[in-house]
Amino acid sequence: MKKRIVAIVLITFLSVTVFGLLSPAVTRTYAEQTWQRVDFISGIVTAYELNVRKGPSTKYSIVGTLKQNQWVNVLAKIGDWYVIYEPNTGLVGCCSGKYLQPPNKVEQPPGSNPKTPTPTPQPTKAPQPDISKSEQLLLDLINAERAKAGLPALAPDAKLMEIARLKAKDMVDNNYFSHQSPTYGSPFDMMRQFGISFRSAGENIAGNSTEEAAVKAWMNSEGHRKNILNGNFNYTGIGIYNSPKYGKIFVQMFIGR
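For clarity, every value in this text was computed on a predicted model and none was experimentally measured.

Participant: What am I meant to see in the packing of aromatic side chains here?
Facilitator: In this description, an aromatic ring pair is defined by two values, namely the gap between the centres and the angle between the planes. Across all of its chains, the model carries four aromatic pairs by this definition. With 6.5 Å between their ring centres and 50 degrees between their planes, Phe-188 and Phe-198 make a pair best called tilted. Of the two residues, Phe-188 is situated in helix H3 (residues 187-193) and Phe-198 in the loop between H3 and strand E11 (200-208); the sequence distance between them amounts to ten residues. In this pair, the class of Phe-188 matches that of Phe-198, namely buried. Relative to Phe-254, the ring of Phe-233 lies with its centre 5.5 Å away and its plane at 20 degrees, an arrangement referred to as stacked. With Phe-233 in the loop between helix H5 (222-228) and strand E12 (235-243) and Phe-254 in strand E13 (residues 247-256), this pair connects stretches of sequence that are 21 residues apart. Considered together, Phe-233 and Phe-254 belong to a single accessibility category, that of buried residues. Over the ring of Tyr-235 we find Arg-257; its NZ or CZ atom is 5.1 Å from the centre of that ring.

Rules of the game
Residues numbered from 1 in each chain as written. Predicted model: local features only at pLDDT ≥ 70, side-chain atom pairs only at ≥ 80, totals over all residues. Heavy atoms only, no water. Phe/Tyr/Trp six-rings, centres within 6.5 Å; stacked < 30°, edge-to-face > 60°. Helix = DSSP H or I, 4+ residues; strand = E, 2+ residues; numbered from the N terminus. Buried < 20%, exposed > 50% of the residue type's maximum accessible area, 1.4 Å probe, protein only. Lys NZ or Arg CZ within 6 Å of the ring centre and 35° of its normal.

The following block contains the structure:
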């Protein structure tokens, strides 16, 4: 029985688009816009009432509302929109950047006591990572595709390699295939938990039996291809773990610094 080839890429927490089939096996594919790192972790609503939507546009449906002077966690930026998390209700979605400001840009009312944002970790020079034969093969294949497009090669980042390996193992151990980990949360949550700093970030995941087939599936998917050929990314982490379901699970994380 032929193994199922699966490849997906993150768009937002709640918005997914199916692109098509890859012969001879079925491939599930999701598209992505690049998430950009923000320099603050909390934001304050400046509008009287601010809609939270499923995606970064007024075309997406409303999933909740925020009130003026309400504090939320800011996870990332997509274009002119912020991806937010409201911890009291668990609300996750996107809201317009016009009406959400960092604390230092908003005049606080008398008697208020806002939380001080945690300083953003500063990048440090990464040690040269140890790379397995399989990881090096996948990296070479990815950089070959970038070279065809006239883009510089991605450099392996030691800490990001460790995180990608943990994510691949977590997917196999917990029997799931998703960017959202039950253990670590989103790829961006996971990077931050382990002290990775970035201006932009992305993730490709795949289930396949060979490195060549995984990269081919990614390159045949618009969303994955955009990650691979994104000129804003300059570092990568790769994790490959044996899977009884797919043969191997592949995780490639991308960051731009």
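On we go.
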